[in-house]
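# Summary of structural features
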Amino acid sequence: MNVRNRGLMLSVGLGILLNPLNSSMISVAIARLQQVYQLDFTAVSWIIFSFYIASAVAQPIMGKCSDLFGRRKIFLIGLVVVFVSSMLAPLSPSFGWLIVFRIIQSVGTSMMVAVGMAIVRIHVTEKQASALSVLAIFLSGAAAIGPFIGGILIHWWDWHSIFIVNIPFVMASFWFAWKTIPKDEQSNSISGHMSIRRWLKLIDAPGILLFTVALVTLLMGLLSIKSTGDILIWSIIQLAIGLIALIMFIRHELKTASPFIPLQAFATYPEMTLVNVQYMLVNILFYALFFGIPSYLQQVRHLNEVHAGMTMLALGLCSLIISPIAGRWIDKSGARPALIVSAVLMTFGSILVILLHEASPIIIVIMALAVFGISNGLNAVALQAALFKSTPKEMIGVASGIFNTSRYLGTIVSSLLIGIVMGDTFSVKGFQMLGVILTLLAVFLIIMSLRHQRSSEMQAV
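It should be emphasised that the depicted structure is a prediction, and the values quoted were computed from it without experimental measurement.

### A look at the overall build of the chain
A count of helices and strands for the chain gives 20 helices and 0 strands. Within the chain, contacts between residues separated by at least 24 positions form 83% of all contacts whose residues are at least 6 apart in sequence. Carbon and sulfur atoms form 70% of the exposed surface of the chain, whose accessible area is close to 20,200 Å².

Take a look at the structure:
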């Protein structure tokens, strides 16, 4: 790999790591933000919801925008957006403003994730697999060390620092990107020849709006469903608005020529649909533990942010270690055996969560994190391989977009699940109930994986 390509890889890597880094650092900041803003657990969960909702909507949009405006432009603009939001977030006068800047930050990081892989695929023509594996390390590594970095920063410099820490990454990525990412070809930047109306139609603005309204109102309604009186009535109204918006979204997407999410593909390619369902479920399991364990360690076991972050390292490090091993195994045996083992490990880890109480040995927590980390490493490779196998080459770009949306929907549902089970305060009983739900989901994943295994064997015969 020549010097220019190394610089390009570094610029893209430093840019795309900002999304998993910021989504993972926040896991150890929940308790502190509850204290600062005097919020219950459900309300503070919106710091998580907002990031993933914005990512789920923004990444497919930015993928389309990169074709209109050019990938280099979108990448550089994304870095500027993250810089501005990271500077303003620590100055937030209220929790509402913090959510606003968090959403802006999510959009900025999504701009880079949406086009980073494409930039490498287009401009790194030698040893592409190695190049993409390097980017995977940036993504996995950032998620792995995020809670640890966040814990240290919050312990010494309070929650503001988890936003300010982005600045040196942004500046370094911008400098390398400006120097190394080739300018966009004129054919890839056609926005100057297109009216605003045509542009909004191409990105499916009505579909985006309906999807966002449905997602937000359904979440708000579900989070307040335990309330009484006027709040309960408002919750029912929100659920009704969300369901209406969801129905309108489905009808619109089935009719429009350029859908935001091509729903017809789910019926056309059922195996691809099952892969996406499985991906959503594994992310529900993974992120429920990812966000639940730090709160358990801090609010039940009274560990500080640093010690909680150090404990969480078991999750990320096991995932990093197993990923290359999983790649070689899946090349030889296919994706399904790895998915079965992953589901079994998630079942075991969920049972360990049920066993946790106020005085449980920390080794049990580490064991739960370790088995979930191993399963995450297996899933990251196996589900991507299963997606490629189940999807025609001519629509792999669309399928990848749907795949990422499934991931974000899983993370949103995981946060929603924690908020509903926990209610106003984090408790051991609530956490154990969460473990029961996760165990049932993990058992269902085992059944799905075994079914897919039998289907694959029948096809082979």
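### Considerations on the pattern of salt bridges
Per the stated rule, a full pass over the model turns up 1 salt bridge. Where Arg32 meets Asp158, a salt bridge forms, and the shortest distance between an N and an O atom there is 2.8 Å. One end of the pair, Arg32, is in helix H3 (residues 30-37); the other, Asp158, is in the loop between helix H8 (128-157) and helix H9 (161-164), with 126 residues separating them in the sequence.

### Some words on the nonpolar core
Formed by 125 residues in total, the largest nonpolar core has its most connected members in Val12, Leu33, Ile47, Phe75, Leu98, Ile293 and Phe431. Take this core: its biggest share by element is 17 residues, from helix H15 (residues 270-300). In this structure Phe75 touches Ser11, Val12, Gly15, Met112, Val115, Ile119, Ser173, Ala177 and Ile181, once residues within four positions along its chain are discounted.

### So, the packing of helix H6 (residues 71-88) against helix H10 (residues 166-180)
Two numbers describe how H6 lies on H10: the axes approach to 10 Å, and their chain directions differ by 160°. Classified by the angle between their axes, H6 and H10 sit roughly antiparallel to one another. Between H6 and H10 lies a crossing whose hand is left-handed. Contact residues: Arg72, Phe75, Leu76, Leu79, Val80, Val82, Phe83, Ser86 and Met87 in H6; Asn166, Ile167, Val170, Met171, Ser173, Phe174, Ala177 and Trp178 in H10. Here the contact of H6 with H10 is built from residues that sort into 13 nonpolar, 3 polar and 1 charged.

### Structural notes on the packing of helix H16 (residues 305-333) against helix H17 (residues 335-355)
Between H16 and H17, whose axes approach to 7 Å, the crossing angle comes to 130°. For the element pair H16 / H17, the angle class is oblique. Counted together, Trp329, Ile330 and Ser333 of H16 and Ala335, Pro337, Ala338 and Val341 of H17 form the full contact between these two elements.

### Some words on the environment of Gly435
Checked against the element boundaries, Gly435 lands in helix H20 (residues 428-460). A relative accessible area of 0% places Gly435 in the buried class. Sequence separation between Gly435 and Ala288 is 147 residues, and the spatial gap between their C-alpha atoms is 9.2 Å. With residues up to four places along the chain from it excluded, the contact list for Gly435 reads Ser350, Val353 and Ile354.

### Section: H10
With 15 residues, H10 should reach 21 Å at 1.5 Å per residue; the first-to-last C-alpha distance of 21 Å fits that figure. Within H10, the full set of buried residues consists of Asn166, Ile167, Val170, Ser173, Ala177 and Thr180.

### With respect to the packing of aromatic side chains
Here the structure, examined in full by the defined rule, presents 17 aromatic pairs. Aromatic pair Tyr296 and Phe431: ring centres 5.5 Å apart, planes at 20°, arrangement stacked. With Tyr296 in helix H15 and Phe431 in helix H20, this pair connects stretches of sequence that are 135 residues apart. Accessibility classification places Tyr296 together with Phe431 in one group, the buried group. Counting every residue linked through ring pairs, the aromatic cluster contains Phe51, Tyr52, Phe286, Tyr287, Phe290, Phe291 and Tyr408. For the cation-ring pair, Arg72 lies above Trp178, with the distance from its terminal atom to the ring centre recorded as 5.0 Å.

### Examining the environment of Val421
With respect to the secondary-structure elements, Val421 resides in helix H19 (residues 396-422). Taking the relative accessible area as the measure of exposure, Val421 reaches 17% and is therefore buried. Once the C-alpha coordinates of Val421 and Leu434 are considered, the two residues, 13 residues apart in sequence, prove to be 6.6 Å apart.

### Looking at a nonpolar patch on the surface
Nonpolar side chains collect at one region of the surface, where Val80, Phe83, Val84, Met87, Leu88, Leu91 and Met171 lie side by side and expose about 630 Å² of accessible area between them. Considering each element in turn, the nonpolar patch owes the most residues, 5 residues, to H6. Relative to the helices and strands, Leu88 is located in helix H6.

### Quick word on the side chain of Asp204
With respect to the helices and strands, Asp204 occurs in the loop between helix H11 (196-202) and helix H12 (205-223). A polar side-chain atom of Asp204 sits 2.6 Å from a polar atom in the side chain of His252. With near-sequence residues (within four places) excluded, Asp204 lies in contact with His252, Glu253, Thr256, Ser258, Pro259 and Phe260.

So, how was this worked out
Residues numbered from 1 in each chain as written. Predicted model: local features only at pLDDT ≥ 70, side-chain atom pairs only at ≥ 80, totals over all residues. Heavy atoms only, no water. Helix = DSSP H or I, 4+ residues; strand = E, 2+ residues; numbered from the N terminus. Contact = heavy atoms within 4.5 Å. Areas by Shrake-Rupley, 256 points an atom, 1.4 Å probe, with all protein chains shown as cover. Salt bridge = Lys/Arg side-chain N within 4 Å of Asp/Glu carboxyl O. Core = buried A, V, L, I, M, F, W, Y, C linked by side-chain atoms within 4.5 Å. Buried < 20%, exposed > 50% of the residue type's maximum accessible area, 1.4 Å probe, protein only. Axes fitted to C-alpha atoms, helices over the stretch in contact; angles between N-to-C directions. Parallel < 35°, antiparallel > 145°, perpendicular 65-115°, else oblique. Left-handed = near helix turned anticlockwise from the far one by under 90°. Nonpolar A, V, L, I, M, F, W, Y, C, P; charged D, E, K, R; others polar. Expected span 1.5 Å × (residues − 1). Phe/Tyr/Trp six-rings, centres within 6.5 Å; stacked < 30°, edge-to-face > 60°. Lys NZ or Arg CZ within 6 Å of the ring centre and 35° of its normal. Patch = residues over 30% accessible without salt bridge, like charges linked within 9 Å, V, L, I, M, F, W, Y side chains within 5 Å. Polar contact = N/O pair within 3.5 Å; in protein donor to acceptor, adjacent residues only side chain to side chain.

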